[in-house]
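# Reading the structure
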Amino acid sequence: MSIQHNGNRIRLRAVGHLMLALVLGCLTTAALANSATKPASEGGKTRDVGQVLEDAHTEFKGDQGGKNADYIPVLAEVDPKLFGISLVTVDGKTHDVGDVESPFSIQSISKVFTLALVMPAQGEEDIIDKIGVDATGQPFNSVNAIEDIQERSVNSFVNAGAIATTSLVPGKTADEKWKQISEADNAFAGRELSVNEPVYKSEAETNQRNQAIAMLLNAYERIYDDPEMSVDIYTRQCSVNVTSHDLAVMAATLANHGVNPVTGKRVINAECATGPGRHGNCGPLRRLGHLALQRRPARQERRRRRHYRSRTWTFRYCCVLPAPGPGRQQH
């Protein structure tokens, strides 16, 4: 499920809000798969899922609260009246209402799918060792976190970890790496996606903070290819255009153990899509977080608990819960 409202208020602000849109889809998709999209019940009457979404759209389409994200100048120009809700279940049923075909840049939700691309090539232990699976307790674009936390990049859903993750995408050149990312995104969405060039240009002109993050990671040997190239590729991956419907399909693919429920094609293996974890950290990282905790010294574990209590959104907002079913284990 994907929600688009008030000029990207949900999808284009902080990482937590971006991941929340994805998470709602995965959680709802999983729940609907269990119930086989049974009608909702209210006061003895039943309503199907499509009607529930229609009612929600009608109720909230007039809400003009909040404002467009403006940390990337061109985002402030997006029509704030756009509002769409899309839901795709793991058995391929789709429900759309509102402005679901209006394109927008994917921004930080791209982090999830680049990590899913990198994990099979690198392996779980390398992700733990090279990136990390911790919460930072600090803003998603924090420079201080790199200095304060031993893992430096910390996790793949903050900017430092995301840029380091992008540097691990297979390929010897920028073109080869970009081809890998583009093909993966297309497979998740079930169609060919394109880059929003105005957004890319605007981001590239104002991403000095990310450039500084990459150079600091380079000083600590926590980025694994040319830092300038890695930032540019990361900027481009965040500028890929998607629709509300696309995001719902992409989320459902993760919830469906890596199989796109619309095309029927496997995009990633099941273990990279989901995994059991002690805290239910992040869909692709839940099992990794568990492994990291097993090997963490006591002092680091105490620090992790403080950070986790202070900023649970870092992980909980990107939780993916696959629906159990015949032949499936409960994760």
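First, a word on what this report is: a plain description of the structure on this page. Note that the structure is predicted; figures quoted are calculated from it, not measured. (Residues numbered from 1 in each chain as written. Predicted model: local features only at pLDDT ≥ 70, side-chain atom pairs only at ≥ 80, totals over all residues. Heavy atoms only, no water.)

### Examining the overall build of the protein
Rules: Where helices and strands are cited, they refer to DSSP runs of H or I of at least four residues and of E of at least two residues respectively, numbered from the N terminus. Only protein chains enter the area calculation, which uses a 1.4 Å probe; residues under 20% of their type maximum are buried, those over 50% are exposed, and those in between are partly exposed. A contact between two residues is defined here by any heavy atoms of the two lying within 4.5 Å. The Shrake-Rupley method, run with a 1.4 Å probe, gives the accessible areas here. Residue values count only the displayed protein chains as cover.
Scanning the protein from terminus to terminus reveals 15 helices and seven strands. A total of 331 residues make up the protein; the buried ones form 54% of that total. Put simply, 71% of the contacts in the protein that link residues at least 6 apart link residues at least 24 apart. About 14,200 Å² of surface is accessible on the protein, with carbon and sulfur atoms providing 49% of the total.

### Side note on the nonpolar core
Convention followed: In plain words, nonpolar cores are sets of buried Ala, Val, Leu, Ile, Met, Phe, Trp, Tyr and Cys residues tied together by side-chain atoms within 4.5 Å.
Counting residues in hydrophobic clusters, the biggest one holds 46 residues, and the most contacted among them are Ile106, Phe113 and Met250. At the level of elements, helix H3 (110-122), helix H6 (159-167), helix H7 (174-189), helix H9 (208-219), helix H10 (227-238), helix H11 (244-255) and helix H12 (270-273) are the ones that each hand at least two residues to this core. Looking at this core, the element that brings in the most residues is H3, giving seven residues.

### Here's the deal with the packing of aromatic side chains
Rules: The aromatic pairing rule takes the rings of Phe, Tyr and Trp, using the six-membered ring of Trp, and pairs them if the centres are within 6.5 Å, calling planes under 30 degrees apart stacked, those over 60 edge-to-face and the rest tilted. Either the NZ atom of lysine or the CZ atom of arginine qualifies as a charge over a ring when it sits within 6 Å of the ring centre and within 35 degrees of the ring normal.
Counted according to the given criterion, the structure contains one aromatic pair. One Lys or Arg, Lys130, reaches over the ring of Tyr224 and ends 5.5 Å from the middle of that ring. Lying across the ring of Tyr200, Arg236 places its NZ or CZ 4.1 Å from the centre.

### Concerning the pairing of strand S5 (residues 94-98)
Operational definition: A pair of strands is considered paired only if DSSP assigns at least 2 bridges between the two.
Of the pairings in the sheet, the one linking strand S4 (residues 83-88) to S5 comprises five bridges and is antiparallel in character. The partner of Gly84 across the bridge, within S5, is Gly98. Here S4 folds back onto S5 in antiparallel fashion, the turn holding five residues, of which Gly92 has a positive phi close to 90°.

### Description of the environment of Asn218
Note that Asn218 resides in helix H9. Note on Asn218: relative accessible area 35%, which makes it partly exposed. For Asn218, the residues in contact, after removing those within four places along its chain, are Ile223 and Pro227.

### Re helix H8 (residues 197-205)
The line we're drawing: Directions pointing from the helix axis toward each C-beta atom define the arc.
Of all the residues in H8, the buried ones are Val199, Tyr200, Ser202 and Glu203. Seen along its axis, H8 keeps its buried residues to an arc of 165°; they face one direction. Those residues of H8 that are exposed and angled more than 90 degrees off the buried face are Pro198 and Lys201. For H8, the secondary structure elements touched by its buried residues are strand S6 (104-105) and H10.

### Thoughts on unusual backbone geometry
Positive phi outside glycine occurs at Gln107, with the angle close to 55°. Within the secondary structure, Gln107 sits in the loop between S6 and H3. Since its relative accessible area comes to 3%, Gln107 is described here as buried. A positive phi angle, near 60°, is found at Glu221, a position not held by glycine. Looking at where Glu221 falls in the secondary structure, it is placed in the loop between H9 and H10.

### Quick word on H11
Condition: To estimate the expected span of a helix, count its residues, drop one, and scale the result by 1.5 Å.
Helix length check: H11, at 12 residues, gives a terminal C-alpha distance of 17 Å against a target of 16 Å (1.5 Å per residue), a fit within 8%. Judged by how many residues are buried, H11 sits mostly within the fold: 12 of 12 residues are covered. Restricting attention to buried positions, one finds in H11 the residues Ser244, His245, Asp246, Leu247, Ala248, Val249, Met250, Ala251, Ala252, Thr253, Leu254 and Ala255. His257 sits one or two positions beyond H11 and adopts a positive phi of about 60°.

### Topic: the pattern of salt bridges
Formally: Any carboxyl oxygen of Asp or Glu that lies within 4 Å of a side-chain nitrogen of Lys or Arg is treated as forming a salt bridge with it.
Scanning the model with the defined rule gives seven salt bridges in all. Note that Glu197 is salt-bridged to Arg236, the shortest N-O span being 3.6 Å. Of the two residues, Glu197 is situated in helix H8 and Arg236 in helix H10; the sequence distance between them amounts to 39 residues. Taking the relative accessible area as the measure of exposure, Glu197 reaches 41% and is therefore partly exposed. Among the salt bridges present, the one from Glu205 reaches Lys201, with a minimum N-O distance of 2.7 Å. Linking Glu205 with Lys201, this pair stays in helix H8, spanning four residues, or about one helical turn.

Geometric values such as these leave the question of function open.
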